[in-house]
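Each chain is listed here by its residues.
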There are 2 protein chains.
Amino acid sequence: MWKVIFHLEHDRSCKAKSLPSQGKKTRQRILARALKIAGREGVAALTIGRLAKELRMSKSGLFAHFRSKQALELATVEAAEQVFSDAVLRPVQISRGGVGRVWNLCDLWLRHIEGRLFSGPYFFTGALFEYVGRSGPIAQAITRVSQEWVYTLRKTVEDAQEKGELNQDIDASWIAWDLNASLLGVHFAYLLKGDNFAREARTALLGWLRKRATEEIPEGAFDSIAAWENYLRKRA
Amino acid sequence: MWKVIFHLEHDRSCKAKSLPSQGKKTRQRILARALKIAGREGVAALTIGRLAKELRMSKSGLFAHFRSKQALELATVEAAEQVFSDAVLRPVQISRGGVGRVWNLCDLWLRHIEGRLFSGPYFFTGALFEYVGRSGPIAQAITRVSQEWVYTLRKTVEDAQEKGELNQDIDASWIAWDLNASLLGVHFAYLLKGDNFAREARTALLGWLRKRATEEIPEGAFDSIAAWENYLRKRA
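Residues numbered from 1 in each chain as written. Chains lettered and ligands numbered in written order. Predicted model: local features only at pLDDT ≥ 70, side-chain atom pairs only at ≥ 80, totals over all residues. Heavy atoms only, no water.

### Digging into the overall build of chain A
What chain A contains, in helices and strands, is eleven helices and zero strands. Across chain A, helices and strands are ordered from the amino to the carboxyl terminus as α-α-α-α-α-α-α-α-α-α-α. Seen through its C-alpha atoms, chain A measures out along the principal axes to roughly 70 × 40 × 30 Å. The buried share among the 236 residues of chain A stands at 53%. For chain A, the share of sequence-separated contacts (at least 6 apart) that also reach a separation of at least 24 residues comes to 65%. As displayed, chain A has an accessible area near 11300 Å², and 51% of this comes from carbon and sulfur atoms. (Helix = DSSP H or I, 4+ residues; strand = E, 2+ residues; numbered from the N terminus. Buried < 20%, exposed > 50% of the residue type's maximum accessible area, 1.4 Å probe, protein only. Contact = heavy atoms within 4.5 Å. Areas by Shrake-Rupley, 256 points an atom, 1.4 Å probe, with all protein chains shown as cover.)

Put into structure tokens, the structure is as follows:
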């Protein structure tokens, strides 16, 4: 008991003057393991006992960093959010925008599957299907990530329409739904049979862009995925 | 302890001569509640303690019906499989086949979302994203349902191609992936914002069928969803 209190006090005082290197490292080590477990088996699989065992730490040592199971779960979801944001959402912000950014965003999403960004398929599709409609900070965080993803997708499409590179005859929300659906389908097929439909998805995406693009985009850019990527590089 | 053993013996002897009405009813009552919890919060949310509390039963009473947490989880997943199969997979078996069955299958899938067949969105998309790649009977059962769904979808498309009602220029696996992706997208959008893209999905599906159908299907059948459903009724 005293040990727990000592750790809590220690953690509290550390927080006040920002965590020292060792405390930060331990916290990161715990979160990395938690992310690995949750990414494969879901947030519900996280327990202080299991983490303590896998990390060869005392439960009280863990409690010093995460004062409750809920705090640990929330920190894990937020860490996953950071990973997803850094790999998929943020990189497109520096791209030129327009139709190229629509491509970039979908391409980065596909890469996060192909590159196994997480240890398993849980974040964030599985997480959404498990937590949406439930209350509490974990459910809110998980829903927020999916909302941000769909918002970014829609905004990117709208931007391409406003820049005059995509026809405005179809509502951006519907287009975003359609793109998201294709990506979910790729993930599902990949999980189930290892079928890599990412190539088909990229080909379908390019065909779709060709059909919807305005005359601002030269016809030859759509000849192949290589031609398209070459065109994007040149105009960047 | 004696109580547990008594219940186990009781359950065992009942099983031998098929469970009597009361035992069956209790088992069904437990499974119904388990299905409700898991459908909303996932299989991991099932605990003997929680179920016992919600059903106002003793834990030993529950253990009499499900000898372990794993047995309870597996029985719950199998009950969900039965519900899904009865609502989506089986009804199409009696339909005529061909392009109408492709429509029926997707329509029934959309209805299972619209009609909230389960208490929440977990079965089976969330379940797949949480369990695929893991070992054990629960993961196997969950993966089996998704595989059966995709297999049924592909077989239905192949049948329509073999009957000469759908062009054979595209591989049935790819078409099944495309259809599955649209349905997943509908579910995702519905969860996140309550957006009902099911109408758009049905319209898109009809447009897709029109484009791929052979001359076996009269052109007027594709005029609207109502016209299409009318055509299917007449030819049934």
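### Details of the pattern of salt bridges
Evaluation of the coordinates by the stated rule reveals 36 salt bridges over all chains. In this structure, A:Lys69 and A:Glu73 form a salt bridge, with 2.7 Å as the shortest nitrogen-oxygen distance. Here the residue A:Lys69 and the residue A:Glu73 both occupy positions in helix α5 (residues 69-93), the gap between them amounting to four residues, near one helical turn. Here the salt bridges do not stand alone but share partners, grouping A:Arg33, A:Glu41, A:Arg50, A:Glu54 and B:Arg134 into one network. (Salt bridge = Lys/Arg side-chain N within 4 Å of Asp/Glu carboxyl O.)

### Some details on the relation of the copies chain A and chain B
Once chain A has been moved 0.0 Å along the axis and rotated by 180 degrees, it coincides with chain B to within an RMSD of 0.0 Å. In short, the pair behaves as if placed about a two-fold rotation axis. A share of 100% of interface residues in chain A that are also interface residues in chain B marks the association as one of identical surfaces. (Least-squares fit on C-alpha atoms with pLDDT ≥ 70 in both.)

### Comments concerning the interface of chain A and chain B
With 36 residues of chain A at the contact, the number on the chain B side is 36 residues. Interface area for chain A against chain B, summed over the two sides, is near 3300 Å², with a carbon-plus-sulfur share of 75%. Ranking the residues of chain A by area buried against chain B places A:Phe129, A:Trp177 and A:Phe188 at the top, with a combined share of 25%. The tally of links between chain A and chain B comes to two salt bridges. In this structure, the salt-bridge partner of B:Glu41 is A:Arg134, at a minimum N-O distance of 3.8 Å. (Buried area = accessible area lost by both parts, 1.4 Å probe.)

### Brief notes about the layout of surface pockets
The volume enclosed by the largest pocket comes to roughly 1000 Å³. If you go around the largest pocket, you meet 36 residues; those closest to its centre are A:Asp178, A:Trp208, A:Lys211, B:Asp178 and B:Trp208. At the level of elements, α6 (99-114), α9 (172-193) and α10 (198-212) of chain A together with α9 (172-193) and α10 (198-212) of chain B are the ones that each hand at least two residues to the lining of the largest pocket. Taken together, the residues of the lining of the largest pocket sort by class into 24 nonpolar, six polar and six charged. (1 Å grid on protein atoms, 1.4 Å probe; cavity = no way out; pocket = protein on both sides within 12 Å on 5 of 7 lines; lining within 4 Å. Points joined across faces, edges and corners; volume = space filled by probe spheres on them. Nonpolar A, V, L, I, M, F, W, Y, C, P; charged D, E, K, R; others polar.)

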